[in-house]
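The primary structure of each chain is shown beneath.
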Amino acid sequence: MYNPQSKKAEEFISHDEITETLAYAQRMKNDRAAVDDILVKARETKGLTHREASVLLACDDPEKVEEIFSLAFAIKQEFYGNLIVLFAPLYLSNYCVNGCLYCPYHQNSGIARKKLTQEEIYAETVALQDMGHKRLAIEAGEDPVNNPIEYILESLNTIYGVKHKNGAIRRVNVNIAATTVENYRKLRDAGIGTYILFQETYDKAGYETLHPKGPKHNYAYHTEAMDRAMSGGIDDVGLGVLFGLENYAYEFAGQLMHAEHLEAVFGVGPHTISVPRVKPAYGVDPGSFNGGISDELFEKIAACIRIAVPYTGMIISTREGRQVREKMLQVGVSQISGGSRTSVGGYDEAPEEDTRQFEVSDTRTLDEVIQWLIGFGYVPSFCTACYREGRTGDRFMELCKRKQILNCCHPNALMTLKEYLTDYASVQTREAGEKLIEQELERIPKEKVRDIVRKNLGNIENGQRDFRF
Ligand code: SAM
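Residues numbered from 1 in each chain as written. Predicted model: local features only at pLDDT ≥ 70, side-chain atom pairs only at ≥ 80, totals over all residues. Heavy atoms only, no water.

Draft legend 1. How the structure looks around the layout of surface pockets. In this structure, the largest pocket occupies an estimated 320 Å³ of space. In this structure, the largest pocket is lined by 20 residues; those nearest its centre are Glu263, Gly269, Ala308, Val309 and Tyr311. Of the residues in the lining of the largest pocket, the class split is ten nonpolar, four polar and six charged. Considering only enclosed or pocket space, the second largest pocket measures out at about 270 Å³ in volume. As for the second largest pocket, its lining consists of 16 residues, of which Lys114, Glu120, Val344, Pro351 and Glu352 are closest to the centre. Considering only residue class, the lining of the second largest pocket consists of five nonpolar, three polar and eight charged. (1 Å grid on protein atoms, 1.4 Å probe; cavity = no way out; pocket = protein on both sides within 12 Å on 5 of 7 lines; lining within 4 Å. Points joined across faces, edges and corners; volume = space filled by probe spheres on them. Nonpolar A, V, L, I, M, F, W, Y, C, P; charged D, E, K, R; others polar.)

Draft legend 2. View of a negative patch on the surface. A surface patch of like charges, here negative, comprises Asp348, Glu349, Glu352 and Glu353. Along the chain, glutamate 352 turns up in the loop between strand E8 (335-337) and helix H15 (366-375). Look at glutamate 352 and you get exposed, because its relative accessible area is 84%. (Patch = residues over 30% accessible without salt bridge, like charges linked within 9 Å, V, L, I, M, F, W, Y side chains within 5 Å. Areas by Shrake-Rupley, 256 points an atom, 1.4 Å probe, with all protein chains shown as cover. Salt bridge = Lys/Arg side-chain N within 4 Å of Asp/Glu carboxyl O. Lys, Arg positive; Asp, Glu negative; His and termini not counted. Charge placed at Lys NZ, Arg CZ, Asp CG, Glu CD. Helix = DSSP H or I, 4+ residues; strand = E, 2+ residues; numbered from the N terminus. Buried < 20%, exposed > 50% of the residue type's maximum accessible area, 1.4 Å probe, protein only.)

Draft legend 3. Summary view of the packing of helix H3 (residues 32-43) against helix H4 (residues 50-58). The N-to-C vectors of H3 and H4 enclose an angle of 120 degrees; their axes lie 10 Å apart at closest approach. Here H3 is positioned oblique relative to H4, judged by the angle of their axes. By crossing handedness, the relation of H3 to H4 is classed as left-handed. Of the residues in H4, those touching H3 at Val35, Ile38, Leu39 and Lys41 are Glu52, Val55 and Leu56. (Axes fitted to C-alpha atoms, helices over the stretch in contact; angles between N-to-C directions. Parallel < 35°, antiparallel > 145°, perpendicular 65-115°, else oblique. Left-handed = near helix turned anticlockwise from the far one by under 90°. Contact = heavy atoms within 4.5 Å.)

Draft legend 4. Representation of the pattern of salt bridges within the structure. According to the stated counting rule, one finds 37 salt bridges in the structure shown. For aspartate 189, the salt bridge goes to arginine 188, with nearest N and O atoms at 2.9 Å. Looking at aspartate 189, the relative accessible area reads 57%, which means it is exposed. Look at arginine 188 and you get partly exposed, because its relative accessible area is 36%. A single salt-bridge network, built from bridges that share partners, covers Arg170, Arg388, Glu389, Glu419, Asp466 and Arg468.

Draft legend 5. Representation of the site of the ligand. Around the ligand, 20 residues are found, and the nearest of them are Tyr102, Glu200, Lys216, Lys279 and Arg319. Take alanine 140: an N or O atom from its main chain is 3.0 Å from a nitrogen atom of the ligand. Considered on its own, the ligand offers 570 Å² of accessible surface; in the complex 97% of this is hidden by protein. In terms of residue class, the shell around the ligand is made up of eleven nonpolar, three polar and six charged. (Near = heavy atom within 4 Å. Polar contact = N/O pair within 3.5 Å; in protein donor to acceptor, adjacent residues only side chain to side chain.)

Draft legend 6. Representation of the nonpolar core in the model. Ranked by size, the top nonpolar core spans 144 residues in total, and within it Leu187 and Ile336 carry the most contacts. Broken down by element, the residue count for this core peaks at nine residues, all from helix H13 (residues 295-308). When near neighbours in sequence (up to four residues on either side) are disregarded, isoleucine 336 contacts Ile84, Val85, Leu86, Phe87, Ile316, Arg325, Leu329, Val369, Trp372 and Leu373. (Core = buried A, V, L, I, M, F, W, Y, C linked by side-chain atoms within 4.5 Å.)

Draft legend 7. Spatial organisation of empty space enclosed by the protein. A full pass over the atoms with the stated rule returns six cavities of 30 Å³ or more. One number sums up the size of the largest cavity: a volume of about 470 Å³. Contributing to the lining of the largest cavity are 30 residues, with Tyr102, Cys103, Glu200, Lys216 and Gln357 lying nearest its centre. Tallied by class, the residues present in the lining of the largest cavity amount to 16 nonpolar, seven polar and seven charged.

Draft legend 8. Highlighting the packing of aromatic side chains. Per the stated rule, a full pass over the model turns up nine aromatic pairs. Residues phenylalanine 382 and tyrosine 420 carry aromatic rings whose centres are separated by 5.3 Å and whose planes lie at 15 degrees to one another, so their mutual orientation is stacked. One end of the pair, phenylalanine 382, is in the loop between strand E9 (379-381) and helix H16 (385-388); the other, tyrosine 420, is in helix H18 (residues 409-423), and 38 residues separate them in sequence. Among the residues examined, phenylalanine 382 registers a relative accessible area of 1% and is labelled buried. Their ring planes at 40 degrees and their centres at 6.1 Å tell us that tyrosine 420 and tyrosine 424 sit as a pair that is tilted. Of the two residues examined, tyrosine 420 and tyrosine 424, each falls in the buried class. (Phe/Tyr/Trp six-rings, centres within 6.5 Å; stacked < 30°, edge-to-face > 60°.)

Draft legend 9. Representation of the pairing of strand E7 (residues 313-316). Alternating positions in E7 separate into two faces, Gly313 and Ile315 on one and Met314 and Ile316 on the other, with burial throughout. Bridge analysis of strand E6 (residues 272-274) against E7 gives three bridges, and the strand direction is parallel. Residue serine 274 lies in a different strand from E7, and its bridge partner there is isoleucine 315. For the crossover that starts at E6, traverses H13 and ends in the parallel E7, the hand is right-handed. Viewed along the sheet, the connection from E7 through helix H14 (residues 322-330) into E8 turns out right-handed. (Pairing = 2+ DSSP bridges. Right-handed = clockwise from strand over helix to strand, strands pointing away.)

Draft legend 10. Expanded view of the environment of isoleucine 315. Relative to the assigned elements, isoleucine 315 resides in strand E7. Residue isoleucine 315 is classed as buried on the basis of its relative accessible area of 7%. On a C-alpha basis, the gap between isoleucine 315 and leucine 239 in space is 10.0 Å, while along the polypeptide they are 76 residues apart. Filtering out sequence-adjacent residues up to four positions away, isoleucine 315 remains in contact with Phe87, Thr272, Ile273, Ser274, Val275 and Gln335.

Structural data, given as structure tokens:
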């Protein structure tokens, strides 16, 4: 029985409710009046239910699809402005006891295994700082012996502790396997940003087939992980479906139900939603799964997510190439990775063996990505202020809902971009970035804020760092 308030996975992600939602979406998708009503509601920018959003996703009337795309972009601009937050993944260890069929880390896959030592993590962090990164997402396989929680905590401590030139990693998000409330509390106490865990698929039967062994086989334990994370005091959680495995429409409805569940139980939805697609990897052929989707459909899914959960950040990684990422930015993505390596290590020096989790499609350097963003008029942001000022969970959502991003995040973005330009950018990027900052200063609504930003930009030129509102 479907119940968003329930703490049981099979009740808040009800298979019957998803099946009925998909049938409802098929019935309504050609009903222009119904689609228009949903679009009217969507324009109020308070979000949509999983049923309403599923109708939009199913709708294939070209005129309406066009409206969906432009509305998604408008919503992104309204809440997040033209800011794009940048981060990089850092793979700590690919030891893993699970059997995920799509992942080259699965046990007995034959991939070369590696786990970074604390000295190596230090060196990787220095290399990432020298690229200009301020935010990381750490990643590890699930292995209680090789990658226990103590290893993750020690690694966080190492990363936050690196003081190198003007660099600093100011926010570390964590993408590790589902764990206990007690361990989530330890991660919270270690100062993590978002706890990210991809559901992979909401379809229980498909899930169990794709995860034939290891702790991850347990659908309920995995699906209820965000509840445990939030009970352990982690305010910001990040969801994700691995598109390409199972039926996208099922996943879409399930993911929105998951967001509705978190909102119903904890009063705040997911901080971010990532949109990964399964990619070629060591021993993994994406064509061997049932759920492959075209680029166009992928973009439509992202647009519908943006409309359904307007206050949730949306993340796209370098799994996707430049062209897809360009389109995804137009439909509401607010965070991207840049200059990424998916090998264990690989920022400090090229790894000796292939330990990559998947093949990266966007192989540009961070500087190239920054220059590309600036070329489109986006403001690349390395801001980490909200989390460091305690604006997490519902406090961040309030800021976003009150459309205060232009008064707060936008000036912070400009100051962190200035740091990047001063410390790490190429000559061309610096030139383009300085021009962009001048233009963007005029968009800060409050004169007082603008004056403070101008002063701080000068201070950054003179060697000071880390200003924020
Ligand atoms: N081991 C943790 C877990 O079980 O959630 C951390 C996850 S892993 C390091 C990060 C994510 O990469 C996975 O959740 C999965 O969605 C994704 N991934 C695995 N294999 C992939 C592939 N071949 N292509 C694209 N993404 C993949």
